[in-house]
Amino acid sequence: MELTSPVVRIAVLGSGDVDSETHSDDTLAALRRLGPEAEIETYSDIESLAGDPVVAAFDLLVLDCDDSLLATKWLEVACKVGPPVLMVSRDDDDESALDAFRSGAAQCVRVGSDYANVLPATALELIHQWQRKREHGELERQVLQSEKMASIGQLAAGVAHEINNPVGFIHANLFQMSEYLQDLQGVWERMQVLQETIEGGRDLAGIRAASEALRDVCQEIDFDYVKKDIVKAVSESQEGSERIRHIVRDLRDFSRQDGGEPTLTDVNMCVDSTANIVWTMAKHAVTLKKDYGELPQLRCHRMQIEQVLMNLLVNACQAIEEMGDGGNGEKEVTVRTERRDDGVAIIIRDTGVGISPENIARIFDPFFTTKDVGAGTGLGLSTSYNIVQRHGGEIRVESEVGNGTTFDVWIPGGDERKGDASEVPIAD
Amino acid sequence: MQTESRSQSTATLPVVLIVDDEVRILSAMRRMLRRERYEIVTAEGPFEALALLDEREVDLVLSDQKMPGMCGVELLAEIGRRHPRVARILITGWAEAVEEDELARQGIQGPLAKPWEDAELKEALRKAVAMVVARS
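In this convention, every chain numbers its residues from 1, walking through the sequence in written order. All chains are assigned letters beginning with A, and all ligands numbers beginning with 1, in the order in which they are written. Since the coordinates come from a predicted model, pLDDT governs what is reported: local features require at least 70, and pairs of side-chain atoms require 80 or more to be given and counted, while whole-chain, interface and lining totals use all residues. Remark: hydrogens and water are excluded; side-chain values derive from all non-hydrogen atoms of the structure.

Asker: Please provide a residue-by-residue account of the overall build of chain B, values included.
Answerer: A count of helical and extended segments in chain B gives five helices and five strands. Secondary structure elements are defined from DSSP: runs of H or I of at least 4 residues count as helices, runs of E of at least 2 residues count as strands, and each element is numbered from the N terminus. The order of helices and strands in chain B, counted from the N terminus, is β-α-β-α-β-α-β-α-β-α. Accessible area is worked out with a 1.4 Å probe on protein chains only. A residue is then buried under 20% of its type maximum, exposed over 50%, and partly exposed in between. The 136 residues of chain B split such that 50% are buried. In this analysis, two residues are considered to be in contact whenever any of their non-hydrogen atoms come within 4.5 Å of each other. Once local pairs closer than 6 in sequence are excluded, the contacts in chain B between residues at least 24 apart make up 61%. What sets the accessible areas is the Shrake-Rupley method with a 1.4 Å probe; for residues, cover comes only from the shown protein chains. When the accessible surface of chain B is split by element, carbon and sulfur atoms take 50% of a total near 6,500 Å².

Asker: Could you give an account of the nonpolar core, with specific residues and numbers?
Answerer: In this structure, Leu 312, Leu 313, Val 333, Ile 346 and Ile 348 of chain A are the most contacted members of the largest nonpolar core, which totals 35 residues. Going through the elements one at a time, α8 (267–281), β8 (298–300), α9 (302–323), β9 (332–340), β10 (343–350), α11 (380–390) and β12 (404–412) of chain A are the ones with two or more residues in this core. The dominant element in this core, judged by the number of residues it contributes, is α9 of chain A, at nine residues. Leu 312 of chain A has contacts with Ile 348, Leu 381, Ile 395, Phe 407 and Val 409 of chain A, leaving out every residue within four places of it along the chain. Membership of the second largest hydrophobic core comes to 27 residues, among which are Ile 170 of chain A together with Ile 40, Ala 87 and Ile 91 of chain B. Think of a nonpolar core as a cluster: buried Ala, Val, Leu, Ile, Met, Phe, Trp, Tyr and Cys residues, connected wherever their side-chain atoms sit within 4.5 Å.

Asker: Talk me through the interface of chain A and chain B; I want residue IDs and the actual numbers.
Answerer: On the chain B side, the residues contacting the 25 residues of chain A number 18 residues. Defined here as a combined quantity, buried area equals the accessible surface (1.4 Å probe) lost by two parts on assembly, summed across both. Of the roughly 2,000 Å² buried between chain A and chain B on both sides combined, carbon and sulfur atoms contribute 49%. A carboxyl oxygen of Asp or Glu within 4 Å of a side-chain nitrogen of Lys or Arg is what we treat as a salt bridge. Linking chain A to chain B there are five salt bridges. Breaking the side of chain A that touches chain B down by element, the ones donating at least two residues are α5 (115–199) and α7 (223–255) of chain A. Per element, the largest residue contribution to the side of chain A that touches chain B is 14 residues, and it comes from α5 of chain A. Class assignment of the residues belonging to the side of chain A that touches chain B gives a composition of 10 nonpolar, seven polar and eight charged. Lys, Arg, Asp and Glu make up the charged group, whereas Ala, Val, Leu, Ile, Met, Phe, Trp, Tyr, Cys and Pro make up the nonpolar group; the residues left over, Gly among them, are polar.

Asker: Hey, could you go over the environment of Ile 79 of chain B for me, with residue numbers and the actual values?
Answerer: All names here are of chain B. If you trace the backbone, Ile 79 turns up in helix α3 (residues 72–82). Taking C-alpha positions, Ile 79 is 8.7 Å from Val 61, a pair spaced 18 residues apart along the chain. Here Ile 79 is in contact with Leu 50, Leu 53, Val 61, Pro 84, Val 86 and Arg 88, once residues within four sequence places are set aside.

Asker: Describe the packing of aromatic side chains, and please don't skip the residues or the numbers.
Answerer: Residue and element names in this part refer to chain A. Ring pairs shown here join Phe, Tyr and Trp side chains whose ring centres sit within 6.5 Å, with only the six-membered ring taken for Trp; geometry is labelled stacked below 30 degrees between planes, edge-to-face above 60, and tilted in between. Inspection of every chain in the model, using the stated rule, returns two aromatic pairs over all chains. Residues Phe 364 and Tyr 385 carry aromatic rings whose centres are separated by 4.9 Å and whose planes lie at 35° to one another, so their mutual orientation is tilted. Remark: Tyr 385 occurs in helix α11 and Phe 364 occurs in the loop between α10 (357–360) and α11; sequence separation between them is 21 residues. Ring plane angle 80° and centroid distance 6.3 Å describe the contact between Phe 364 and Phe 407, whose orientation is recorded as edge-to-face. Of this pair, Phe 364 sits in the loop between α10 and α11 while Phe 407 sits in strand β12, and the two are 43 residues apart along the sequence. When sorted by exposure, Phe 364 lands in the same class as Phe 407, which is buried. Cluster of aromatic residues (ring-pair linked, three or more members): Phe 364, Tyr 385 and Phe 407.

Asker: Before we move on, could you go through the environment of Asp 26 of chain A and cite the residues and values that matter?
Answerer: Residues and elements named next belong to chain A. Here Asp 26 shows up in helix α1 (residues 18–32). Using a relative accessible area of 41% as the deciding quantity, one classes Asp 26 as partly exposed. Residues Asp 26 and Asp 64 lie 38 residues apart in sequence; the distance between their C-alpha atoms is 9.8 Å.

Asker: A description of the packing of helix α2 (residues 46–55) of chain B against α3 of chain B should follow, citing residues and the corresponding values.
Answerer: Residues and elements named next belong to chain B. As a packed pair, α2 and α3 sit with axes 11 Å apart at the nearest point and diverge in direction by 15°. Regarding the angle of α2 to α3, the classification is roughly parallel. With respect to the hand of their crossing, α2 and α3 are arranged in right-handed fashion. Residues Pro 46, Ala 49, Leu 50, Leu 53 and Asp 54 of α2 pack against Leu 75, Glu 78, Ile 79 and Arg 82 of α3. In this analysis an axis means a line fitted to C-alpha atoms, helices contributing only their contacting stretch, and an angle means the value between N-to-C directions, from 0 to 180 degrees. Roughly parallel means an angle under 35 degrees; roughly antiparallel, over 145; roughly perpendicular, 65 to 115; everything else is oblique. Left-handed describes a crossing in which the near helix is turned anticlockwise from the far one by less than a right angle; the clockwise case is right-handed.

Asker: Could you give an account of the side chain of Thr 122 of chain A, naming the residues involved and the relevant values?
Answerer: All names here are of chain A. Relative to the helices and strands, Thr 122 is located in helix α5. Using a relative accessible area of 15% as the deciding quantity, one classes Thr 122 as buried. Those residues within four positions of Thr 122 in sequence are excluded, and the remaining contacts are Leu 86, Gln 107 and Val 109.

Asker: An account of empty space enclosed by the protein is requested, with residue identities and associated values reported.
Answerer: Only protein atoms enter the 1 Å grid, on which a cavity is a set of points fitting a 1.4 Å probe that cannot get out and a pocket is an open set with protein on both sides within 12 Å along at least 5 of 7 lines, lining residues being those with an atom within 4 Å of a point. Grid points are joined across faces, edges and corners, and a volume is the space filled by probe spheres set on the points. This model, assessed by the stated rule, comprises two cavities of 30 Å³ or more. Of the voids in this model, the second largest cavity is the one considered here, and its volume is about 40 Å³. Gln 176, Glu 179, Tyr 180 and Asp 183 of chain A together with Arg 31, Arg 34 and Arg 35 of chain B together form the lining of the second largest cavity. Residue contributions to the lining of the second largest cavity peak at four residues, all from α5 of chain A. In the lining of the second largest cavity, the residues fall into one nonpolar, one polar and five charged.

Shown next as structure tokens:
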């Protein structure tokens, strides 16, 4: 029964008056059976618990309070702290236990003959569950951080590649245009001389000579060609410059920091800038079809939603790549947005390899992946799932092997949200 | 630089084929090489390049690496097999992804980097063309 290191910290919450003291003593004694590795602290009034920031880092909260009204108040505060709450019940009926669960308690132990064993055993189990969950959260945070770094690396490489060509031809064109301008200087000088000759009232021979000189220089530099090509060079360079601006704008949209509060967001813009970024990394072969509906502004955590979109779009591209030239030959990803049931739906369909029936039930499981070792951590979809859930939304998938996959994400527009989307174990 | 040791008696310009899937790159390169004495032909993809080579004599092929269908190294290797006389140079924005050993094995020169230095590119073309023309 004894814990081995590391140390765990348990808070015992109770009312602190004389009678309860005795009851709490039983509880304390039972918990002490966990051994010296269990540090136990007592809280005798609700305010001291509510005001203490340290207790959020505890491994378990045990509530032992006789007064049912007071117990309800305790539960309300305790269940918001974070660690699991274990309630001690001295009632015979099940009502109080049910109430405890409804309030958010993780477990309820009734005081009975085997209390001295049952309490520490239950405590231990809850502590281990909580530690595993926290470790997983920590691990998830670390992996997300490294996934994000890996995808930042990919993003940087993709961007460098995308702007490489425009930078190359703009640079070359500017150099050529300056040469053309130099050539044209010669033409303009001769034009000026001709004009002055005419206006200066020189004789016909003089004018003819100036005109010939102009014609000569035009021929020398191939004026007709330069005239057309300089226009073309400027226009092509402008197109290149526009492309670079577009990429910079998408990057800026993508990297915009998320505050703590959800904000009103234009979902079509999110989808569009994320899709554009993903396509700078995708191979040219995959076509992207956009079908944006008219959407209301959505109150959500924009960066998190973009993370979900990026995850789904990258998966879609990879599914198509995996299929290679097999299947139906189509290499297309369709992104559709529409208003649905007082919220927004984003539907991403790909014509890739598809997901087998055995795997489809598991794709949102953390660490589940069908990719080779090192190719993906398997957290992408489970994180996406969590994000959507925390927004009070739903994410569904339909797939057929060899025929492609469709992900359907729905996010409500109202304020009904399960849990809080801002407490997210995602690295910023 | 132009040498006249060709079997054809008339002074024909050396033919340079540039292959890149980005049409504005082809345009910028043609513009840059205007004062060099070449006949410039362009192809927007590997298959177009191979088809063109079946139709006419070319002295040098300058190819980009990342193209749909076939990468530059693959294209230039294939050209080496079909038209061994042709000089072949690779240009790429992604030099790290290219195996220099493979290039050497296939007799491909480069890789030249993108964005390119005008002077460096012109010099590489001049040297390569001179060698081809001298051999013929």
